[in-house]
Amino acid sequence: MADHAMTAGLRQVAWVTGASRGIGYALACALAEDGWVVAASARNAAELDVLAAECAAFLGEVRPYPLDITDAEAAAAIVPIIEAEVGDIALAILNAGTHEPVDGRALSVGPFRRLMETNYMGSVNCLVPVAERCVARGAGRIAIVSSLAGYRGLPTASAYGASKAALINMCEALRPELEAAGVVLSVITPGFVRTPLTDRNPFPMPFLIDADVAALRILRGVAGNRFEITCPRRFAFLMKLVRILPYELFFLLTRRVRPTRADDN
Ligand SMILES: NC(=O)c1ccc[n+]([C@@H]2O[C@H](COP(=O)([O-])OP(=O)(O)OC[C@H]3O[C@@H](n4cnc5c(N)ncnc54)[C@H](OP(=O)(O)O)[C@@H]3O)[C@@H](O)[C@H]2O)c1
């Protein structure tokens, strides 16, 4: 990050959720390398231990804090524990999330409920306790990982896109209010990033980028206090154009992309 964590001798603390693999893993490594002490959360404690050991050997300090973000009480409890053991959280990147494709011809409640519970409510469960402490201190940065799929309703992404659109809307509403309290809130909207999540996609992914590239762009945006942090830029630009298309043109495009049984996993 541009504002290096070791500036003025400070060991600043970053909390990253979903840090056991993919984008969160790359974010944790990049932050540790930059001098941050990283509190890393995900459900799989063994994977967090591997991350911490790898960073200790080559990059910097990562401490595991296993957490299921769908458990609001556990999320509320872990924030004071991190702050007592490591220090005040100066940056929280609420990245944990998942995806399930939905075939509109065979709808069921499950994926909609699960994705809202994890992607939307899971982020809210973490946001509330960390925002409370940041507001009390009048300082801190919080960045929430949404997706370019939150811009418009895309084929097979009716459950995923809705959960990510909800995050964008929530962050738009909260940014000025938190800003007035001295806290910077950002929303991160990646396109396709090569991770275990996208490795299972059976379709071509335009403008696919590696997770370490995404992590560096995200951290640059966070350091610049940007509201919306997108990557890769070319895909984000195209999706911004798609966002302003009138429905007639938009549906002409999306009718061409139909779900196949291969999308079901
Ligand atoms: N990859 C992309 O192309 C892309 C594009 C746009 C947005 N995103 C978003 O970026 C974020 C990271 O995606 P990714 O591709 O890196 O996914 P990933 O490789 O599947 O990693 C997801 C991470 O989230 C954690 N996680 C999942 N459910 C959790 C829960 N209930 N509680 C705590 N941690 C949980 C996972 O660890 P455990 O399983 O151990 O809990 C893992 O560390 C997600 O929010 C995703 O929607 C990804």
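Computed from a predicted structure; not experimentally measured.

S.K.: Teacher, can you tell me more about the sheet that holds strand E4 (residues 89-94) here?
M.R.: Backbone-to-backbone hydrogen bonds join strands into a sheet, with any given pair of strands oriented parallel or antiparallel. Read across the sheet, seven strands follow the order E3-E2-E1-E4-E5-E6-E9 without closing on themselves; strand pairing throughout is parallel. The open sheet has two edge strands, strand E3 (62-64) and strand E9 (228-231), and neither has a second partner. Taken over all neighbouring pairs, the strand axes of this sheet differ in orientation by 20 degrees on average, direction set aside. Pairing between strand E5 (residues 141-145) and strand E6 (residues 184-190): five bridges, direction parallel. Bridging from a neighbouring strand, Ile 144 pairs with Val 187 of E6. Across the sheet, helix H7 (residues 211-223) touches E4, E5, E6 and E9, and the angle it forms with E9 is around 160 degrees.

S.K.: How should I be thinking about the environment of Leu 208 in this particular structure?
M.R.: Among the secondary structure elements, Leu 208 is positioned in the loop between helix H6 (196-199) and strand E8 (209-210). Residues in contact with Leu 208, not counting those within four places in the same chain, are Phe 192, Val 193 and Arg 194.

S.K.: In this structure, what is going on with the nonpolar core? I would like to understand it.
M.R.: If you look at soluble globular proteins, the nonpolar side chains tend to sit buried side by side. By size, the foremost hydrophobic cluster in this structure holds 39 residues, and its most contacted members are Trp 15, Ile 82, Ile 142 and Ile 144. With six residues, the single largest contributor to this core is helix H4 (residues 109-137). When neighbours within four sequence positions are excluded, Ile 142 is seen to be in contact with Ala 92, Leu 94, Leu 127, Val 130, Ala 131, Cys 134, Val 183, Val 184, Leu 185 and Ser 186. In this structure, Ala 14, Leu 48, Ile 209 and Ile 218 belong to the second largest nonpolar core, which totals 36 residues.

S.K.: Would you mind going over the pattern of salt bridges with me for this structure?
M.R.: Pairing between side chains of opposite charge can happen when their charged atoms approach one another. Going through the model one piece at a time under the given rule, you end up with ten salt bridges. Residue Arg 133 pairs with Glu 83 through a salt bridge whose shortest N-O separation is 2.9 Å. One end of the pair, Arg 133, is in helix H4; the other, Glu 83, is in helix H3 (residues 72-85), and 50 residues separate them in sequence. Taking the shortest distance from any N to any O, the salt bridge between Lys 240 and Glu 228 comes out at 2.5 Å. You can see Lys 240 sitting in helix H8 (residues 233-243) and its partner Glu 228 sitting in strand E9, a full twelve residues away along the chain. Accessibility expressed as a relative area gives 29% for Lys 240, which makes it partly exposed.

S.K.: Can you help me understand a nonpolar patch on the surface in this one?
M.R.: Taken together, Phe 237, Leu 238, Leu 241 and Ile 244 make up a surface patch of nonpolar side chains, about 420 Å² in accessible area. Inspection of the secondary structure puts Ile 244 in the loop between H8 and helix H9 (247-254). The class for Ile 244 is exposed, based on a relative accessible area of 67%.

S.K.: Just checking my understanding: could you explain the pairing of E4 for this structure?
M.R.: Consecutive side chains along a regular strand alternate between the two faces of the sheet. Where burial is concerned, most of E4 is hidden: six out of the six residues are buried. Where the polypeptide runs from E4 across H4 and back to E5, its parallel neighbour, the crossover connection is right-handed.

S.K.: How should the environment of Lys 240 be read in this particular structure?
M.R.: Once the C-alpha coordinates of Lys 240 and Leu 148 are considered, the two residues, 92 residues apart in sequence, prove to be 8.8 Å apart. Setting aside chain neighbours within four positions, we find Lys 240 in contact with Tyr 151 and Glu 228.

S.K.: Mind showing me how you'd approach the packing of aromatic side chains here?
M.R.: Between two aromatic rings, the relevant description is the distance of the centres plus the angle of the planes. Taken as a whole, this structure holds five aromatic pairs when the rule is applied. One aromatic cluster is present, built from ring pairs that chain together Phe 192, Phe 203, Phe 207 and Phe 235. In this structure, Arg 152 is placed above the aromatic ring of Phe 250, and the distance from its NZ or CZ to the ring centre is 3.9 Å. In this arrangement the basic side chain of Arg 243 is found over the ring face of Tyr 151, its NZ or CZ atom lying 4.0 Å from the centre.

S.K.: Would you take a moment to explain the site of the ligand for this structure?
M.R.: Around the ligand, the surrounding shell holds 29 residues, and the nearest of these are Ser 20, Arg 43, Tyr 160, Val 193 and Thr 195. Residue Arg 43 places a side-chain N or O atom 2.7 Å away from an oxygen atom belonging to the ligand. Taking Lys 164, its side chain carries an N or O atom lying 2.9 Å from an oxygen atom of the ligand. Compared with its free state, where it exposes 880 Å², the ligand has 96% of that area covered by protein. A total of three residues in the shell around the ligand trace back to one element, the largest contributor, which is H6. For the shell around the ligand, a count of residues per class yields 13 nonpolar, twelve polar and four charged.

S.K.: Mind showing me how you'd approach H3 here?
M.R.: What sets the pattern is the α-helix's 3.6 residues per turn: residues three or four places apart point alike. Counted at 1.5 Å a residue, the expected span for H3 with its 14 residues is 20 Å, and the 20 Å between its end C-alpha atoms agrees. Buried residues of H3: Ala 75, Ile 78, Val 79, Ile 82 and Glu 83, and no others. For H3, the arc enclosing every buried residue in end-on projection is 130 degrees, short of the 170-degree limit, so these residues lie on one face. Residues of H3 that are exposed and angled more than 90 degrees away from the buried face: Glu 73 and Ala 84.

Parameters and conventions
- Residues numbered from 1 in each chain as written.
- Predicted model: local features only at pLDDT ≥ 70, side-chain atom pairs only at ≥ 80, totals over all residues.
- Heavy atoms only, no water.
- Pairing = 2+ DSSP bridges.
- Helix = DSSP H or I, 4+ residues; strand = E, 2+ residues; numbered from the N terminus.
- Axes fitted to C-alpha atoms, helices over the stretch in contact; angles between N-to-C directions.
- Contact = heavy atoms within 4.5 Å.
- Core = buried A, V, L, I, M, F, W, Y, C linked by side-chain atoms within 4.5 Å.
- Buried < 20%, exposed > 50% of the residue type's maximum accessible area, 1.4 Å probe, protein only.
- Salt bridge = Lys/Arg side-chain N within 4 Å of Asp/Glu carboxyl O.
- Patch = residues over 30% accessible without salt bridge, like charges linked within 9 Å, V, L, I, M, F, W, Y side chains within 5 Å.
- Areas by Shrake-Rupley, 256 points an atom, 1.4 Å probe, with all protein chains shown as cover.
- Right-handed = clockwise from strand over helix to strand, strands pointing away.
- Phe/Tyr/Trp six-rings, centres within 6.5 Å; stacked < 30°, edge-to-face > 60°.
- Lys NZ or Arg CZ within 6 Å of the ring centre and 35° of its normal.
- Near = heavy atom within 4 Å.
- Polar contact = N/O pair within 3.5 Å; in protein donor to acceptor, adjacent residues only side chain to side chain.
- Nonpolar A, V, L, I, M, F, W, Y, C, P; charged D, E, K, R; others polar.
- Expected span 1.5 Å × (residues − 1).
- Arc of directions from axis to C-beta.

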